[in-house]
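These are the residues of each chain, in order.
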Amino acid sequence: MSAVPTRPLSFRESAIYGTGALGANAVYSFLNLAAGLYLERYPAVPTWAVGLLSQERSLAGSVVQPIVGALSDRTRTRIGRRKPFFIGGVALTAASLLYLAGFPPLVPMLAVLSVNAFFLNVAVDPYTALMADIVPPGQRGRVGTVLAVFNMLGQIGATLLGLFLWNRSPELVFVFVTAILVVAFTVTTLGVHEPDAPPAPTGTVRFDPVDYVRGLLAHRELAKYIGAAAVFWLGTGGVLPYLTRFGVHELGTTEGDAFQLFLPALVGTIVAAIPAGFLADRLGKKPVLAVGLLAFSLIALAGSQARDVPQALVAMGFIGLANGVWTALNIPLLVDLVPPERAAEMTGLGSGVWSLAQPIGAVIAGVLIGGFDSYRASFIGAAALVFVSFLLLLSVRAPRVAPTP
């Protein structure tokens, strides 16, 4: 069993670790926003498939990612058990992005784009696990804040690249995003010292899905909350891949200018996340999160009717504020509901829910867009699903947690 780290990281060490999050989220944001525009060059790709291919997560990854994690736990090399996966995953992702930059023929393009998101998760899942190896439990909240800041910086960087360069040269945007990824993970790989690993597990891993699901359902409030979160990701998974297309087809922007729609949401998320945490400590996580979900639903519905870019920018800013509440409180409320001895397992389950629900939500949105012949349908579908998530959350009985002085 791995020893719990006791030496806190300095700010410099936290920043070096967090740099990897900047690179990963630059790519994630780019895939979410640019893939829809990229696929405009391939008219043979149906609308419902655009959302599926534009995801930062993949359906296959939801199955394979736990296997990658198990392999990382069992890997023993001179440079550590996580870093080989950083190197392999980033190299595969970089190669696939540079290949896609050349706008290859349809069939090989689809093959590479469909696995590109999984390539990055080969690096990101062990990267997330590294926190347990190097960060003491009492410092993980502060280091998590550093990761969130780098996360937003990566997303903002990718969005600005698209905004200013996509109309001029989409290929150049691919190259710059690839460079950000490689440089960021190089800093983390070279700068983070992995502790000595414990002896590799030797027993056979056995997994009984029926018993696992039965055990999960025994924690009734946890199961209800995971269901509410799954519906939330179904809804939001249908908006992001089509946001730039919404700008082009519904608001009349250029492809490059469509990237600006994402910026107010990023700023709003940062602005709302901090006060949401303070309010939750005073009023409880569930009521604050419920207000955020209800606001998200109503604002998404109103935003679907935006008629010009200024209206859409205002709507996206308010959606960002509501999303900031979710970003701040989703995991803390989950942790309140899980048995302490299974906290890491449930966090992994949350990642699996994301990987399954978000692509499925994108397909649902694509079907709605095709059926109504309007990209506004993705916002309306998201509003409906997030409202259902709000109703499901109301049924969850969250434990009372005394605020920490």
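Cut-offs applied
Residues numbered from 1 in each chain as written. Predicted model: local features only at pLDDT ≥ 70, side-chain atom pairs only at ≥ 80, totals over all residues. Heavy atoms only, no water. Salt bridge = Lys/Arg side-chain N within 4 Å of Asp/Glu carboxyl O. Helix = DSSP H or I, 4+ residues; strand = E, 2+ residues; numbered from the N terminus. Axes fitted to C-alpha atoms, helices over the stretch in contact; angles between N-to-C directions. Parallel < 35°, antiparallel > 145°, perpendicular 65-115°, else oblique. Left-handed = near helix turned anticlockwise from the far one by under 90°. Contact = heavy atoms within 4.5 Å. Nonpolar A, V, L, I, M, F, W, Y, C, P; charged D, E, K, R; others polar. Core = buried A, V, L, I, M, F, W, Y, C linked by side-chain atoms within 4.5 Å. Buried < 20%, exposed > 50% of the residue type's maximum accessible area, 1.4 Å probe, protein only. Phe/Tyr/Trp six-rings, centres within 6.5 Å; stacked < 30°, edge-to-face > 60°. pLDDT = per-residue confidence, 0-100.

S.K.: Explain the pattern of salt bridges to me, please; I cannot follow it from the model alone.
M.R.: Charged atoms that come close allow side chains of opposite charge to pair. In total, this model carries five salt bridges according to the counting rule given. Between Arg-245 and Glu-40 there is a salt bridge whose closest N-O contact spans 3.7 Å. Here the residue Arg-245 occupies a position in helix 10 (residues 243-250), and Glu-40 occupies one in the loop between helix 1 (11-38) and helix 2 (47-53), the gap between them amounting to 205 residues. Residues participating in the shared-partner salt-bridge network are Glu-221, Lys-224 and Arg-397.

S.K.: In this structure, what is going on with the packing of helix 12 (residues 285-303) against helix 15 (residues 376-394)? I would like to understand it.
M.R.: Contact geometry for helix 12 and helix 15: axes closest at 8 Å, N-to-C directions at 160°. The angle between helix 12 and helix 15 falls in the class roughly antiparallel. Seen from above, helix 12 lies across helix 15 with left-handed handedness. Touching Lys-286, Leu-289, Ala-290, Leu-293, Leu-294, Phe-296, Ser-297, Ala-300 and Leu-301 of helix 12 are Phe-379, Ile-380, Ala-383, Val-386, Phe-387, Ser-389, Phe-390, Leu-393 and Leu-394, all from helix 15. Across the contact of helix 12 with helix 15, the residue classes tally to 15 nonpolar, two polar and one charged.

S.K.: So what exactly am I meant to see when it comes to the nonpolar core here?
M.R.: Grouped together as the largest cluster of nonpolar side chains are 104 residues, with contacts concentrated most on Leu-39, Trp-166 and Tyr-225. Of the residues forming this core, the biggest block, 14 residues, is contributed by helix 1. The contacts of Tyr-225, once residues within four sequence positions are left out, are Leu-289, Trp-326, Leu-329, Asn-330, Leu-333, Leu-334, Leu-337, Leu-393 and Val-396. Val-68, Phe-85, Phe-118 and Phe-119 belong to the second-largest nonpolar core, a separate cluster that totals five residues.

S.K.: What exactly am I supposed to notice about the packing of aromatic side chains here?
M.R.: We describe a pair of aromatic rings using the distance from one ring centre to the other and the angle between the two ring planes. Per the stated rule, a full pass over the model turns up 18 aromatic pairs. Plain terms: the ring middles of Trp-166 and Phe-259 are 5.8 Å apart, the flat faces sit at 50° to each other, and that makes the pair tilted. Note that Trp-166 is positioned in the loop between helix 6 (140-165) and helix 7 (170-191) and Phe-259 in the loop between helix 10 and helix 11 (262-283), a separation of 93 residues in sequence. Across the pair, exposure class does not vary: Trp-166 and Phe-259 are buried alike.

S.K.: I tried to follow the confidence of the model for the protein on my own but got confused; where do I start?
M.R.: Should pLDDT be low for a region, the predicted coordinates there are not to be read in detail. Per-residue confidence for the protein gives a mean pLDDT of 81; residues scoring 70 or more make up 81%. Of all helices and strands in the protein, the one with the weakest mean pLDDT is helix 8 (residues 209-218) (64), whereas helix 7 scores best (95).

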